[in-house]
Amino acid sequence: MKIFAPSRRVHAIVASLITALTIAACGGGGGASDTTVAPTGINTASADGVSQGAITGFGSIIVNGVRYDDSKSSVTDDDDDDNPGRSKDDLRLGMVVTVSGSSGTATGTATAINFGSELKGPVQTLSASVSVSTTSSTSSTSSTTSTTPTTSTTPTTTPTAAVTQTLTILGQLVEINSRTVFDSYSLPGGYADIRVGNVLEIHGLLNVATNKLLATHIQRENNANKYKLTGNISNANAASKTFKIGSETIQYANIEAKRLRANIQDGATVRVTLATTPAATGTWNATRIVQNKRMVGNIGRLEFEGVITAFTSTAAFSIGNLQVDASGAQFPRGSAGLALGARVEVKGVMTNGVLVASRVKVEKNENSPDDNNNGNDNEIELYGALSGLNAASKTFTLRGLQVSYAGNVVYKDGSASNLANGVKVEVKAALASTGSTLQALRIKFED
């Protein structure tokens, strides 16, 4: 029986947890786009295929396991009417993007890339906890009056630790796991660097059924001029021009007509830009409201990463508002992990607003492949010429990310002595314990 020990990141988090919580408790006072929709500003109707998910590598850009050539693609932001002129340099590891273009099994060509954060605002609360469970096994033998040994059931236990880290912004609960990427410049220490009152911008996968956000990329902003909140409308009141998202009340009486691009009604999923000064306690002034649009029509191919928000059976479930028909799908990791809240990657074809799946993969959070050798969801791929080589610290920079090659690294077509600035490499890596830097696992030298 294989027993997987906790990941290096779990060990490091457990070791620093008490310190981080103590510091965070001393902070000052004080909160995006739904993953089931095509973000505003990207045209999926004319695309041969669409892929939506978190960026897991660069060279050019890797989403849902496909490496897209982005050399001729346009890049837009959900907030491009406020901040036009985006480029590939604005893309970061962990950001949730929608890639429009064409692809095969492993490679593709991107014609348009859209990105946007789901949440921006001041941290209201921080919470981190550790739970320890044990795995039992039996391994001893004993003899009886018979000449044949018999197996006894003396149990042994192996402890495993799980870390739960959360925070709240604008009343929205944000969940953090071992796949969450922290910006290396503003949060080099990861979760331990966050304080109550910090303004964070968060990309992630929104569970519209629970209004919880699974963070995939977090960065701190020191001079934010706007906040952002995404979720389902409730308590819509046309007379007072107010509605709620979660616990927060939003009023839109003074919004410019051109910036109100949504139907304000209960159940609608909207992305709201807010003024940073509240109108009153728990009440915010909206400066822009955009209604998320579902991916409808017939798209040649759709690859989609999200969180299951409604579950009827393994053949019928929903990711947000997107219905999935998986009756004819393959399940490379089996279907046992499908459940409410599970993070999944679905491939298929959109037909009349329903995603008819050909493949459904339940994603994992830990740094180990599954029992069927279907890969490591935490693995990050980088391709390009390295720079900033520091032989003393055994680090270099690749695609703007700091990579450590200390420890056990597998090399192909070369060795550590061949590393030099300008050398082209292919790196397979995992997030380091802080979530802000990378640890190389394999390095291949390219011609």
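Residues numbered from 1 in each chain as written. Predicted model: local features only at pLDDT ≥ 70, side-chain atom pairs only at ≥ 80, totals over all residues. Heavy atoms only, no water.

Engineer: Mind showing me how you'd approach the packing of aromatic side chains here?
Structural biologist: For any pair of aromatic rings, the description consists of the separation of the ring centres together with the inter-plane angle of the planes. Applying the stated criterion to the full structure yields three aromatic pairs. Plain terms: the ring middles of Tyr227 and Trp284 are 5.8 Å apart, the flat faces sit at 70° to each other, and that makes the pair edge-to-face. Separated by 57 residues along the polypeptide, Tyr227 in strand β16 (residues 227–232) and Trp284 in strand β22 (residues 283–291) bring together distant segments of the chain. A residue is classified by how much of its surface remains accessible, and Tyr227, at 10% relative accessible area, is buried. The ring of Tyr383 has Arg67 sitting right over it, with the charged end atom 3.7 Å from the ring centre. (Phe/Tyr/Trp six-rings, centres within 6.5 Å; stacked < 30°, edge-to-face > 60°. Helix = DSSP H or I, 4+ residues; strand = E, 2+ residues; numbered from the N terminus. Buried < 20%, exposed > 50% of the residue type's maximum accessible area, 1.4 Å probe, protein only. Lys NZ or Arg CZ within 6 Å of the ring centre and 35° of its normal.)

Engineer: Would you mind showing me how to read the environment of Asn114 here?
Structural biologist: Along the chain, Asn114 turns up in strand β7 (residues 107–115). Expressed as a C-alpha distance, the spacing of Asn114 and Thr76, which sit 38 residues apart in the sequence, is 4.8 Å. Engagement of the side chain of Asn114 in a polar contact is seen with the side chain of Thr76, the distance being 3.0 Å. (Polar contact = N/O pair within 3.5 Å; in protein donor to acceptor, adjacent residues only side chain to side chain.)

Engineer: How should I be thinking about the side chain of Asn207 in this particular structure?
Structural biologist: Locating Asn207 in the fold gives a position in strand β14 (residues 199–207). By relative accessible area, Asn207 is classed as buried at 9%. There is a polar contact of 3.0 Å between the side chain of Asn207 and the backbone nitrogen of Ala209. Ignoring any residue separated from it by four or fewer positions in sequence, one finds Asn207 in contact with Lys212, Val307, Ile308, Thr309 and Gly341. (Contact = heavy atoms within 4.5 Å.)

Engineer: Is there a simple way to explain unusual backbone geometry in this structure?
Structural biologist: Among all residues except glycine, the phi angle is most often negative; among peptide bonds, the trans geometry is most common. The residue after Gly59, namely Ser60, is reached through a cis peptide bond having omega 10°. The topology assignment puts Ser60 in the loop between β2 (49–58) and β3 (61–63). Despite not being glycine, Asn64 shows a phi value in the positive range, around 55°. As for its position among the elements, Asn64 is in the loop between β3 and β4 (66–69). Using a relative accessible area of 5% as the deciding quantity, one classes Asn64 as buried.

Engineer: When you look at the nonpolar core in this model, what are you seeing that I'm missing?
Structural biologist: Within soluble globular proteins, side chains that are nonpolar generally end up buried alongside one another. Residues Leu167 and Ile202 are the most contacted members of the largest nonpolar core, which totals 38 residues. Look past the residues within four positions of Ile202 in its chain and what remains in contact with it is Ser117, Glu118, Leu119, Leu167, Ile169, Val174, Leu213, Ala215, His217 and Ile218. Counting residues in hydrophobic clusters, the runner-up holds 34 residues, among them Phe58, Met95, Leu382 and Phe396. (Core = buried A, V, L, I, M, F, W, Y, C linked by side-chain atoms within 4.5 Å.)

Engineer: Would you explain the pairing of strand β18 (residues 242–245) in this entry?
Structural biologist: Within a regular strand, the side chains alternate between the two sheet faces. Sheet topology places strand β17 (residues 234–237) next to β18; two bridges connect them, and they run antiparallel. Across the sheet, residue Ser234 finds its bridge partner in β18, namely Lys244. Between the antiparallel neighbours β17 and β18 lie four residues, among them Lys241 with a positive phi of about 55°. Bridge count between β18 and strand β19 (residues 248–251): four bridges; the pairing is antiparallel. The partner of Phe243 across the bridge, within β19, is Ile250. (Pairing = 2+ DSSP bridges.)

Engineer: It is not clear to me how the side chain of Glu305 should be interpreted in this structure. Could you clarify?
Structural biologist: By secondary structure assignment, the location of Glu305 is in strand β24 (residues 302–313). Separated by 2.8 Å, the side chain of Glu305 and the backbone nitrogen of Ala54 make a polar contact.

Engineer: Which parts of the structure should I look at to understand the environment of Ser87?
Structural biologist: Looking at where Ser87 falls in the secondary structure, it is placed in the loop between β5 (74–77) and β6 (96–103). Residue Ser87 is classed as partly exposed on the basis of its relative accessible area of 29%. Taking C-alpha positions, Ser87 is 9.2 Å from Ser73, a pair spaced 14 residues apart along the chain.

Engineer: How should the pattern of salt bridges be read in this particular structure?
Structural biologist: A side chain of one charge can pair with a side chain of the opposite charge when the charged atoms of the two come close. Within the structure shown, the criterion is met by 13 salt bridges. A salt bridge links Arg86 to Asp90, with the shortest nitrogen-to-oxygen separation between them at 3.5 Å. For Arg86, a relative accessible area of 24% translates into the label partly exposed. Asp90 gets classed as partly exposed once you look at its relative accessible area, which sits at 24%. In this structure, Arg359 and Glu345 form a salt bridge, with 3.9 Å as the shortest nitrogen-oxygen distance. On the criterion of sequence distance, the pair formed by Arg359 in strand β28 (residues 354–362) and Glu345 in strand β27 (residues 343–351) is long-range, its members being 14 residues apart. In this structure Arg359 comes out as partly exposed when scored by relative accessible area, which is 25%. Residue classification places Glu345 among the buried positions, given a relative accessible area of 6%. (Salt bridge = Lys/Arg side-chain N within 4 Å of Asp/Glu carboxyl O.)

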